[in-house]
Amino acid sequence: LEAPACAELGRREVSLAGVSTLRTAYRIGRPHAFFHVVLYTTGGRGVLTTAEGTARVTPGTVLLLPALTPHAYELAGREWR
């Protein structure tokens, strides 16, 4: 986010951004994240777990996870992008 091309993200208070290709066991849980999370899936699949239940995450899915909302997501196949 320090590159000049990312300046607009900084002005909008985005503190972390990246692109991941997950191919091995992967799970992350955030019981009390103080930040919002936006995930966009371009390939593969994952699973989201919240207090309301679980949901499949497939290509084209956008996840909007509000701050202070407990959640977890994990790889649910051979790959997740």
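For the structure itself, look to the data block above.
Read on for an overview of the structure. Remember, it's a predicted structure, so these values are computed and weren't measured experimentally.

1. Remarks on the pattern of salt bridges
- Within the structure shown, the criterion is met by five salt bridges.
- The residue Arg-11 makes a salt bridge to Glu-8 at a minimum N-O spacing of 2.9 Å. Of the two residues, Arg-11 and Glu-8 both sit in helix H1 (residues 7-11), three residues apart, roughly one turn of that helix.
- For Arg-27, the salt bridge goes to Glu-74, with nearest N and O atoms at 3.6 Å.

2. Looking at the environment of Leu-64
- Within the secondary structure, Leu-64 sits in strand E5 (residues 62-65).
- What makes Leu-64 exposed here is its relative accessible area of 62%.
- C-alpha of Leu-64 to C-alpha of Val-38: the two residues are 26 residues apart in sequence and 4.8 Å apart in space.
- When residues no more than four places from it in sequence are discounted, the contact partners of Leu-64 are Val-37 and Val-38.

3. Quick look at the side chain of Thr-41
- Relative to the helices and strands, Thr-41 is located in the loop between strand E2 (37-40) and strand E3 (44-50).
- On the basis of relative accessibility, which here comes to 1%, the residue Thr-41 falls in the buried class.
- For Thr-41, the side chain forms a polar contact with the side chain of Trp-80, separated by 2.9 Å.
- Ignoring sequence-local partners within four residues, the contact set of Thr-41 consists of Val-57, Thr-58, Pro-59, Gly-60, Thr-61, Trp-80 and Arg-81.

4. Describing the layout of surface pockets
- Of the volumes computed, that of the largest pocket is approximately 920 Å³.
- Around the largest pocket sit 25 residues that line it, and Leu-16, Ala-17, Gly-18, Val-38 and Leu-39 are the ones nearest its centre.
- Of all elements in the fold, only strand E1 (27-30), E2 and strand E6 (71-80) reach the threshold of two or more residues within the lining of the largest pocket.
- Examining the composition of the lining of the largest pocket, we find that four residues originate from one element, E2, more than from any other.
- Per-class residue counts for the lining of the largest pocket are 15 nonpolar, six polar and four charged.

Criteria and thresholds
Residues numbered from 1 in each chain as written. Predicted model: local features only at pLDDT ≥ 70, side-chain atom pairs only at ≥ 80, totals over all residues. Heavy atoms only, no water. Salt bridge = Lys/Arg side-chain N within 4 Å of Asp/Glu carboxyl O. Helix = DSSP H or I, 4+ residues; strand = E, 2+ residues; numbered from the N terminus. Buried < 20%, exposed > 50% of the residue type's maximum accessible area, 1.4 Å probe, protein only. Contact = heavy atoms within 4.5 Å. Polar contact = N/O pair within 3.5 Å; in protein donor to acceptor, adjacent residues only side chain to side chain. 1 Å grid on protein atoms, 1.4 Å probe; cavity = no way out; pocket = protein on both sides within 12 Å on 5 of 7 lines; lining within 4 Å. Points joined across faces, edges and corners; volume = space filled by probe spheres on them. Nonpolar A, V, L, I, M, F, W, Y, C, P; charged D, E, K, R; others polar.

All quantities given are derived from atomic positions and should not be read as evidence of function.
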